[in-house]
Amino acid sequence: GAVVSQHPSRVICKSGTSVKIECRSLDFQATTMFWYRQFPKQSLMLMATSNEGSKATYEQGVEKDKFLINHASLTLSTLTVTSAHPEDSSFYICSASQTGQGGGNTIYFGEGSWLTVV
Amino acid sequence: DAKTTQPPSMDCAEGRAANLPCNHSTISGNEYVYWYRQIHSQGPQYIIHGLKNNETNEMASLIITEDRKSSTLILPHATLRDTAVYYCIVRVEPGGFKTIFGAGTRLFVKA
């Protein structure tokens, strides 16, 4: 099946610094990718929709200047957490959509990236 | 946007069928029902999806009621590795891709 890969899987950064997380669709092209964050024992919360070649669409309450999203190619989207603070520590997950022959759009998720801000 | 309702948790004996229900009474005619699961500290894994007809693949079966207001995911022979949170999702934008997660059902498979 389709594979979506995230890098790094775990990252620790100092408070005030920025950290970038990459999301790649390995065997298909994805014009649209999505970024989620998940706190322990909670469900996934959609942060933004990343569109190749255009600006990302952010969900209500998500700071676009803090969570910078770039989707420069059909196989890569990046999330940069700027000026990270301990409260930004979370599990960040990306997903990409592949159109199936039978209709519908199957969405595949990356393995997730654990961010710890110290 | 169609919403889904799932029980917060369920238990299942190893080797038995696990039947996970989902209500989506406000689903629109061209919205698909998707099921994903998330094992601890991993990204969600696609299981199956359907529109109207029942579907089966190597992982599970999806039974959708005739009025499409509810569905059931069936894991025919649950194993300990099936312990996970299972999410029933109705695609939010017809023709689009946005996926909104509810709370899901935490399935515990016990030996």
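A brief structural summary.

Each value, and the rule that gives it
Residues numbered from 1 in each chain as written. Chains lettered and ligands numbered in written order. Predicted model: local features only at pLDDT ≥ 70, side-chain atom pairs only at ≥ 80, totals over all residues. Heavy atoms only, no water. Helix = DSSP H or I, 4+ residues; strand = E, 2+ residues; numbered from the N terminus. Buried < 20%, exposed > 50% of the residue type's maximum accessible area, 1.4 Å probe, protein only. Areas by Shrake-Rupley, 256 points an atom, 1.4 Å probe, with all protein chains shown as cover. Lys, Arg positive; Asp, Glu negative; His and termini not counted. Charge placed at Lys NZ, Arg CZ, Asp CG, Glu CD. Rg over C-alpha atoms; globule rule 2.2 N^0.38 Å. Contact = heavy atoms within 4.5 Å.

## Some details on the overall build of chain B
- Counting its secondary structure elements, chain B contains zero helices and nine strands.
- Expressed along its principal axes, the backbone C-alpha trace of chain B runs to roughly 40 × 30 × 25 Å.
- Per-residue burial for chain B yields a buried fraction of 45% across its 111 residues.
- Accessible area of chain B: about 5,600 Å², with a carbon and sulfur share of 49%.
- Between the mean site of the 11 positive side-chain charges and the mean site of the 10 negative ones, chain B shows a separation of 3 Å.

## Quick word on the overall build of chain A
- A count of helices and strands for chain A gives zero helices and eleven strands.
- Counting from the amino terminus, chain A carries its helices and strands in the arrangement β-β-β-β-β-β-β-β-β-β-β.
- Its C-alpha atoms give chain A a radius of gyration of 14 Å, within 12% of the compact-globule value 13 Å for 118 residues.
- Here the C-alpha coordinates of chain A stretch approximately 45 × 30 × 25 Å along the principal axes.
- Pairs at least 24 apart in sequence give 53% of the contacts found in chain A among residues at least 6 apart.
- Total accessible area on chain A stands at roughly 5,800 Å², and carbon and sulfur atoms take up 50% of it.
- Put simply, chain A has 9 plus and 9 minus side-chain charges, and the middle of one group is 6 Å from the middle of the other.

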